[in-house]
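# Structural overview for review
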Amino acid sequence: MNSLFRSQKWSYSFRTIVFIYFIGLIIIPIIGIYTQSFSSGITSFIDNLSDPLAWKAVLLTLKLAAIATLINTAIGTMIGWVLVRYEFPGKRMINSVIDLPFALPTAVAGFIILLLVGPSSLFYEWFGIDVVFHEPAIVLAMVFVTFPFVIRGLQPLLEELDKSEEEAAYTLGSSKSRTFFRIILPTMLPGILSGAMLAFSRAIAEFGAVVLISGNIPGKTLVASVYIFGEIESNNPQGAAAVSVLLLTISFLILWFIHKLNRGGQA
Amino acid sequence: MHIEVKDLNKEFGSFHAVQDVSFEIEKGKLIGFLGPSGGGKTSILRMLAGLETPTSGDIYFHGKRVNDLPPQERGIGFVFQNYALFKHMTVFDNIAFGLKVKKQNKAFIKERVQYLVELTGLKGFEHRYPHQLSGGQRQRVAFARALAPEPQLLLLDEPFAAIDAKIRTELRTWLKDMIGELGITSIFVTHDQEEAIEVADEIMIISKGKLEQKGTPWEIYKHPQTPFVASFIGESSLIERIQCFKGFEDVATSSGIKALIRPEYVEVGKSGEIVLASATMDAAVKHLHFRGSEWMIELEIEGQRLITYRSLEKEVLHPGEQVKVLIHRAYLFNEEKSWIMENPLKVDPLPIYI
Amino acid sequence: MMMRRLWITLTYIVVSLLLLLPLYKIFTGAWADGLSGFMDALLRAQSLHALKMTALIVIIVTVINTLFGVMLSIYLVRATWLSPLVKRLSNSIVDLPFAVSPVIGGLMIVLLLGPNTVLGTMLGNVGVSIVYALPGMVLATLFVTFPIMVREVMPVLQEIGDQQEQAASTLGAYSWYTFWKVTWPNIRFAVMYGVVLTVARSLGEFGAVLVVSGNIINKTQTATTLVYQDVENFNVVAANGIALVLAAFSIMLLLLMEWTKKRKEVH
């Protein structure tokens, strides 16, 4: 399709509108936040970031997101494997319910976690462990919202893996574990990695599920996105922008890396 | 439709896909574009269709310049290499597509599609989807679909490439007959010389973006005008030092002349088997390959390899055996020119009564 | 065999604890005060208004992003008037909102169009308010959901290739006709899947909307921000009522996702 319309005028105006929308909606806001955070000079940018509450929030976010990602990588690899390789009753139901965290509003997710393990829950009565308003609750929220990524990254690769590749390895005298580590794992790895990185970037960005259950104690359970929200609420958009820029840059680097990984996988 | 192409060029970035191609095609002819893959044949075809814009040059249909005409208005039918059937439509809807675009009335569409379905032997398959058809059937649908709006020019891009070798021959004859019957000017692209020779009225040999030669299959076979054509058509052996061969000793060594020798230019036999014994030379049989209806023989003459065929009726040769060889003619060429040289020794040395 | 049984059991346990239990909790929690409690929570003026706002945002955002997403996908895959470099670059930029925390997405809009900005003041003078009003909330949600449609449609367009479209053009069809008769039937399930995902995401959007809307009761409050406010006010049963409605929608969307995904694969 060279052009969507017979008339050149129509076709040009459509192109222009679509690209203005694209640039106005995506590119300008991102450029805006970068220029905004440096608008009062580089020193104020550094000042904003050297606030201990700010960098502690960022470090805490990175730490908890890393833990959540590790957990999800392990669980996700297992479930992805089970869903592709094994036949068992209820498989289809499980496969469809995997996407629940994508469909469920994150605020609702946070709220449910609060109900399940919060101060008035059965869990608290039975075990007496304070989860909510502590780090484990944040990790739990992150695990929940990023749950599908690794599984969905892994499944197509495992499905594509030709059974005969494995069989070829067996006929060449390769043992079961050797075949797994030399043939199957390398096929799975790009999917696991890109899934894990998507999960990580989503986890550091997560707000809705976290804000209700983290308690938001500055320096202890205040994560970056909630810190940014707080700064906006207390009318310090400059401080919010500085932390945002730091967080954004990390996310963009991850995204760029995933792009590279995917392109490498295809070649 | 009468077609004329003048100084056609196509560049993709720095790649010069088509270079200064000019030709004329008479109405009703079936033309084959033949050449190695990536040689620019498909680009020329797509420019004729209007799917690609020439970098420079002109295309005339019936004497009218059509460069600025979009494909929709060129009155062509195009059969794609992979058929590009609309996979969500039935055979009927595929064939009817071009007629519906033209807003023909329903009864007419039905009648025309029915006619084409019968013509292409697809009766009973009208309500199937492309994925329920065999390769040959899909090809026929693509053909019928292209013909439905009664185009004046039919363009076919590698029409047989995706079909099993066995059905391919059958389809070739079918297509040739069909086009002959409809009398529509047609051009098809192929990299298979056998296919081009068998189907086309005229062949255009295209290599590295250039038109090497245009002519009937027989002309091209008999009088190749460039070394490329000589080597591409038939299974020639390239001979670097033709001077070692009996009868060709006088060819100048200085001007970088090389030779191409076709299998049928070569006669091979045990000593005494060839009548013109005085024109023969010694050779060793290197390998024998059974080719179903004949033997293919690889010969070695003074370190140079030569291929020929030998009938199964004749006495079987063996690898390592010394045999006699007669070279009837050779295609000679150097940087500047090319020509065919008959073996001068073939002229019967014994004058017979006139 | 032992391993296999172990993995399947583990999968069941993880899925039950992480996905099914929360679902169960939300469906039972809403009835803690009986049907009347649930109905009271739902029929509050602010609940009805919030649900209306959410519905409005979902509809506007889905329509706009479907239109522009499909158009942009076509341009990025097919356009001959775009250089490959521009295509590649745009293709990467499309993904950026995925990497941006929703809170930051909201912050960007506040920074660009807020009441203290040049643009915001200009618009304010002609009586248009963006931030703390519906347009800003729509804008924020558009930003967050923009990549979804493009990511669904582009791969399908790439996979079907342009041969069928070229065939249509040689048969005399112009682009508009070709789009509806040839391209659309091939991409419609991808578009539907994109629509379902966009609806799910805009229904559940919280962070960006919270920042942009100011969460003003009966004015800019949406269903998710209402859940947040109810929880902050320790009105758990009320929160649960709204959360249940949202969760019910999510599950419906999840089923739709399954259905369209299957249709998408058939073709």
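These figures come from a predicted structure and were not determined experimentally. (Residues numbered from 1 in each chain as written. Chains lettered and ligands numbered in written order. Predicted model: local features only at pLDDT ≥ 70, side-chain atom pairs only at ≥ 80, totals over all residues. Heavy atoms only, no water.)

### Here we look at the overall build of chain B
Assigned secondary structure in chain B consists of eight helices and 19 strands. Projecting the C-alpha coordinates of chain B onto the three principal axes gives extents of approximately 80 × 45 × 45 Å. Relative to its 354 residues, chain B shows a buried fraction of 50%. Sequence-distant contacts in chain B: of pairs separated by 6 or more residues, those separated by 24 or more amount to 64%. Accessible surface, chain B: about 16,900 Å² in total, of which carbon and sulfur atoms supply 51%. (Helix = DSSP H or I, 4+ residues; strand = E, 2+ residues; numbered from the N terminus. Buried < 20%, exposed > 50% of the residue type's maximum accessible area, 1.4 Å probe, protein only. Contact = heavy atoms within 4.5 Å. Areas by Shrake-Rupley, 256 points an atom, 1.4 Å probe, with all protein chains shown as cover.)

### Observations concerning the sheet that holds strand β3 (residues 30–34) of chain B
Residues and elements named next belong to chain B. The mixed open sheet is built from six strands, whose spatial order is β6-β7-β8-β3-β9-β10. Across the chains shown, the open sheet's two edge strands, defined by having one partner strand only, are β6 (76–79) and β10 (210–215). When the angles between neighbouring strand axes are averaged without regard to direction, this sheet yields 15°. Note that strand β7 (residues 153–157) and strand β8 (residues 185–190) share five bridges and pair parallel. Paired with Leu153 across the strands is Thr185, a residue of β8. (Pairing = 2+ DSSP bridges. Axes fitted to C-alpha atoms, helices over the stretch in contact; angles between N-to-C directions.)

### Regarding the interface of chain C and chain B
Taken residue by residue, the interface counts 17 residues in chain C and 23 residues in chain B. Of the roughly 1,900 Å² buried where chain C meets chain B, counting both sides, 62% is carbon and sulfur surface. On the surface where chain C and chain B come into contact, there are zero salt bridges. Taken together, chain C and chain B are joined by five residue pairs in polar contact (both at pLDDT 80 or more). Looking at the side of chain C that touches chain B, the elements that each hand over two or more residues are α9 (163–170) and α10 (175–204) of chain C. (Buried area = accessible area lost by both parts, 1.4 Å probe. Salt bridge = Lys/Arg side-chain N within 4 Å of Asp/Glu carboxyl O. Polar contact = N/O pair within 3.5 Å; in protein donor to acceptor, adjacent residues only side chain to side chain.)

### Section: unusual backbone geometry
Although it is not a glycine, A:Asn216 adopts a positive phi angle of roughly 55°. Its location among the elements puts A:Asn216 in the loop between α12 (208–211) and α13 (224–233). In this structure, C:Tyr132 takes a positive phi of about 60° despite not being glycine. Its location among the elements puts C:Tyr132 in the loop between α7 (118–125) and α8 (134–160).

### Structural notes on the pattern of salt bridges
Any two side chains of opposite charge can pair if their charged atoms end up close together. One pass over the structure, following the stated rule, counts 31 salt bridges over all chains. Here A:Asp99 makes a salt bridge to C:Lys261, at a shortest N to O gap of 3.4 Å. Here A:Asp99, found in the loop between α4 (91–97) and α5 (100–103), pairs with C:Lys261, found in helix α13 (residues 236–266), and the two come from separate chains. Judged by relative accessible area, A:Asp99 falls into the buried class, the value being 4%. Where A:Arg202 meets A:Glu206, a salt bridge forms, and the shortest distance between an N and an O atom there is 3.4 Å. For the pair formed by A:Arg202 and A:Glu206, the shared burial category is buried. What emerges from the salt-bridge pattern is a single network uniting B:Arg172, B:Asp192, B:Glu194, B:Glu195 and B:Glu198.

### A word on the domain arrangement of chain B
Residues and elements named next belong to chain B. Split by domain assignment, chain B resolves into domain 1 (3–225) and domain 2 (237–346). Taken over C-alpha atoms, the centre of domain 1 sits 40 Å from the centre of domain 2. Contacts between the two partners involve four residues from domain 1 and, on the opposite side, five residues from domain 2. Across the domain 1 to domain 2 interface the summed buried area is about 420 Å²; carbon plus sulfur atoms make up 39%. (Domains from an automatic or database assignment.)

### Details of the interface of chain A and chain C
Facing 76 residues of chain A, the contacting portion of chain C comprises 79 residues. At the boundary of chain A with chain C, total buried surface from both sides reaches about 7,400 Å², with 81% on carbon and sulfur atoms. Our enumeration of links across chain A and chain C arrives at one salt bridge. Across the contact surface, chain A and chain C share nine residue pairs in polar contact (both at pLDDT 80 or more). Among the elements that make up the side of chain A that touches chain C, the one with the highest residue count is helix α1 (residues 8–37) of chain A (16 residues). For the side of chain A that touches chain C, the class distribution of residues is 57 nonpolar, 13 polar and six charged. (Nonpolar A, V, L, I, M, F, W, Y, C, P; charged D, E, K, R; others polar.)

### So, the arrangement of the chains
The pair of protein chains exhibiting the most contacts, out of two pairs of chains in contact, is chains A and C. With respect to C-alpha atoms, chain A approaches chain B no nearer than 9 Å, and the pair has no contact.

### A word on helix α9 (residues 147–160) of chain A
Counting buried positions along α9(A) gives 10 out of 14 residues, so the element sits mostly inside the fold. The complete set of buried residues in α9(A) reads A:Phe147, A:Pro148, A:Phe149, A:Val150, A:Ile151, A:Arg152, A:Gly153, A:Leu154, A:Gln155 and A:Leu158.

### Observations concerning the side chain of B:Arg262
Residues and elements named next belong to chain B. Looking at where Arg262 falls in the secondary structure, it is placed in the loop between β12 (258–261) and β13 (266–269). Buried and unpaired, Arg262 has no salt bridge, with Glu264 as the nearest side chain of opposite charge at 4.5 Å. Among all residues touching Arg262, those that are not within four sequence positions of it are Tyr221, Pro224, Ala230, Ile233, Gly234 and Ser236. (Lys, Arg positive; Asp, Glu negative; His and termini not counted.)

### Focus: helix α2 (residues 91–101) of chain B
Summarising burial for α2(B): nine of the 11 residues are buried, a large majority. Residues of α2(B) that are buried make contact with α3 (106–119) and α4 (135–147) of chain B together with α9 and α10 of chain C.

### Quick word on the sheet that holds strand β16 (residues 304–311) of chain B
All names here are of chain B. Overall, antiparallel pairing links the five strands, which are arranged β13-β17-β14-β15-β16 in an open sheet. Single-partner strands in this sheet number two, and they are β13 and β16. Adjacent strand axes in the sheet meet at a mean angle of 45°, parallel and antiparallel pairs treated alike. As defined by bridge partners, strand β14 (residues 281–290) adjoins strand β17 (residues 322–327) across four bridges and the pair is classed as antiparallel. Across the sheet, Ala283 pairs through a bridge with Val323, a residue of β17.

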